[in-house]
Amino acid sequence: MKTPQVQRYTAGQRSNHWAVVTCFVLAAVSGLALFHPALFWLTALVGGPQWTRILHPYLGIAMFLLFLGMFFMFVGANIWRKEDSEWLGKAGTLISQGNRAKMPAVGKYNAGQKLVFWVFTLCLIVLLVTGVLFWQAWFAGSVPIGVQRAAVLLHAVAAFVLVLAVIVHAYAAIWVKGTIGAMVRGTVSSAWARHHHPLWYRDQAQASKK
Ligand code: HEM
């Protein structure tokens, strides 16, 4: 018997997400190649050294613009509420013991997901602004060298935090069984929805009755 499914993402939302992921991987590989000589070999994956240098800023801009689409689609469901602070306070027990009995009921996203969403947003803004400031081909000529140096440092810090956040995000998506399907097929099982996001499930069930 087929398990009942609930729609979580449209085809457009999923395409947008995987386009961001593609840009992220290419921007991360080319960025790491430019970051340290020990990682120079990575340029081979992005068309060689010249192409790495040319493409990296454009990949970053594409990632930012594509993420903007996701930002406006998902920001409403990622607004921080007081139950989220309570959820976060108890997250340690959930992770160490897998016991969700004392956790507050969750809507479309839990506090951990919301936190990651806002870290993504902040990092992408910092990466865009700082990247433009030392983009040699276009803008860097009119930016004081001290500002460019500070921008390079901040750019590296934001990239590091973004990579860590993506690892946490992808790990959580794999760790919570049944989640990947949400971004692949667009649906989750009703049992998954009821178990992990009961308030969202309730709203979906009510909407489908109307
Ligand atoms: C290989 C890496 C990635 C995997 C496996 C992955 C997987 C997923 C999955 C399964 C979901 C649905 C979660 C749910 O509905 O509960 C999701 C949502 C989402 N992902 Fe990813 N993702 C990856 C990389 C990224 C990257 C690089 C970004 C942006 C920088 C991103 C941004 C988002 C956003 C904004 C959502 C909506 C959830 C929210 O707003 O909190 N993802 N991802």
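Residues numbered from 1 in each chain as written. Predicted model: local features only at pLDDT ≥ 70, side-chain atom pairs only at ≥ 80, totals over all residues. Heavy atoms only, no water.

What follows concerns the overall build of the protein chain. When helices and strands are counted, the protein chain shows 9 helices and 2 strands. Each principal axis of the C-alpha atoms in the protein chain carries an extent, and together these give about 60 × 35 × 35 Å. Counting only residues that meet the buried cut, the protein chain has 36% of its 210 residues in that class. Relative to all contacts within the protein chain whose residues are 6 or more apart in sequence, the contacts with residues 24 or more apart total 70%. Carbon and sulfur atoms make up 71% of the accessible area of the protein chain, which totals about 12800 Å². Of the charged side chains in the protein chain, 18 are positive and 4 negative, and the gap between their average positions amounts to 11 Å. (Helix = DSSP H or I, 4+ residues; strand = E, 2+ residues; numbered from the N terminus. Buried < 20%, exposed > 50% of the residue type's maximum accessible area, 1.4 Å probe, protein only. Contact = heavy atoms within 4.5 Å. Areas by Shrake-Rupley, 256 points an atom, 1.4 Å probe, with all protein chains shown as cover. Lys, Arg positive; Asp, Glu negative; His and termini not counted. Charge placed at Lys NZ, Arg CZ, Asp CG, Glu CD.)

In the vicinity of the ligand there are 23 residues, among which R8, Y9, H17, N78 and H169 approach most closely. At a separation of 2.8 Å, an oxygen atom of the ligand approaches a polar side-chain atom of N78. Within the side chain of Q113, one N or O atom sits 2.8 Å away from an oxygen atom of the ligand. Contributing elements (two or more residues each) for the shell around the ligand: α1 (11-35), α2 (49-74), α5 (111-133), α6 (145-175) and α7 (180-184). Top element by residues in the shell around the ligand is α1. It accounts for 5 residues. Looking at the shell around the ligand, its residues break down into 17 nonpolar, 5 polar and 1 charged. (Near = heavy atom within 4 Å. Polar contact = N/O pair within 3.5 Å; in protein donor to acceptor, adjacent residues only side chain to side chain. Nonpolar A, V, L, I, M, F, W, Y, C, P; charged D, E, K, R; others polar.)

You can see H56 is positioned in helix α2. Classification of H56 as buried rests on a relative accessible area of 18%. Between the C-alpha atom of H56 and that of G131, which follows or precedes it by 75 residues, the distance is 9.9 Å. Filtering out sequence-adjacent residues up to four positions away, H56 remains in contact with A27, S30, G31, L34, W51 and H155. Among the polar contacts made by the side chain of H56, one reaches the side chain of S30 at a distance of 3.0 Å.

Our next topic: the coordination of the iron atom of the ligand. Protein ligation of the iron atom of the ligand involves H17 (NE2) and H169 (NE2), the donor distances falling in the range 2.0 Å. Considering all 6 donor atoms around the iron atom of the ligand, angles at the metal cover 86 to 179° and the coordination shape is octahedral. On the criterion of sequence distance, the pair formed by H17 in helix α1 and H169 in helix α6 is long-range, its members being 152 residues apart. Of the residues examined, H17 reaches a relative accessible area of 12% and is grouped as buried. In this structure H169 comes out as partly exposed when scored by relative accessible area, which is 36%. (Donors = N, O, S within 2.8 Å, 3.2 Å for Na, K, Ca; no water. Tetrahedral: all angles 85-135°; square planar, octahedral: opposite > 155°, others 65-115°.)

Our next topic: the nonpolar core. Note on soluble globular proteins: their nonpolar side chains tend to be buried together. Counting 30 residues, the largest nonpolar core has M63, L124, L162 and V188 as its most contacted members. When residues of this core are traced back to their parent elements, those giving at least two are α1, α2, α5, α6, α7 and α8 (190-196). In this structure, V188 is in contact with P4, Q5, V6, R8, G178, A182, A193 and W200, ignoring residues within four places of it in sequence. Counting 6 residues, the second largest nonpolar core, distinct from the first, contains W87, L94, V106 and A111. (Core = buried A, V, L, I, M, F, W, Y, C linked by side-chain atoms within 4.5 Å.)

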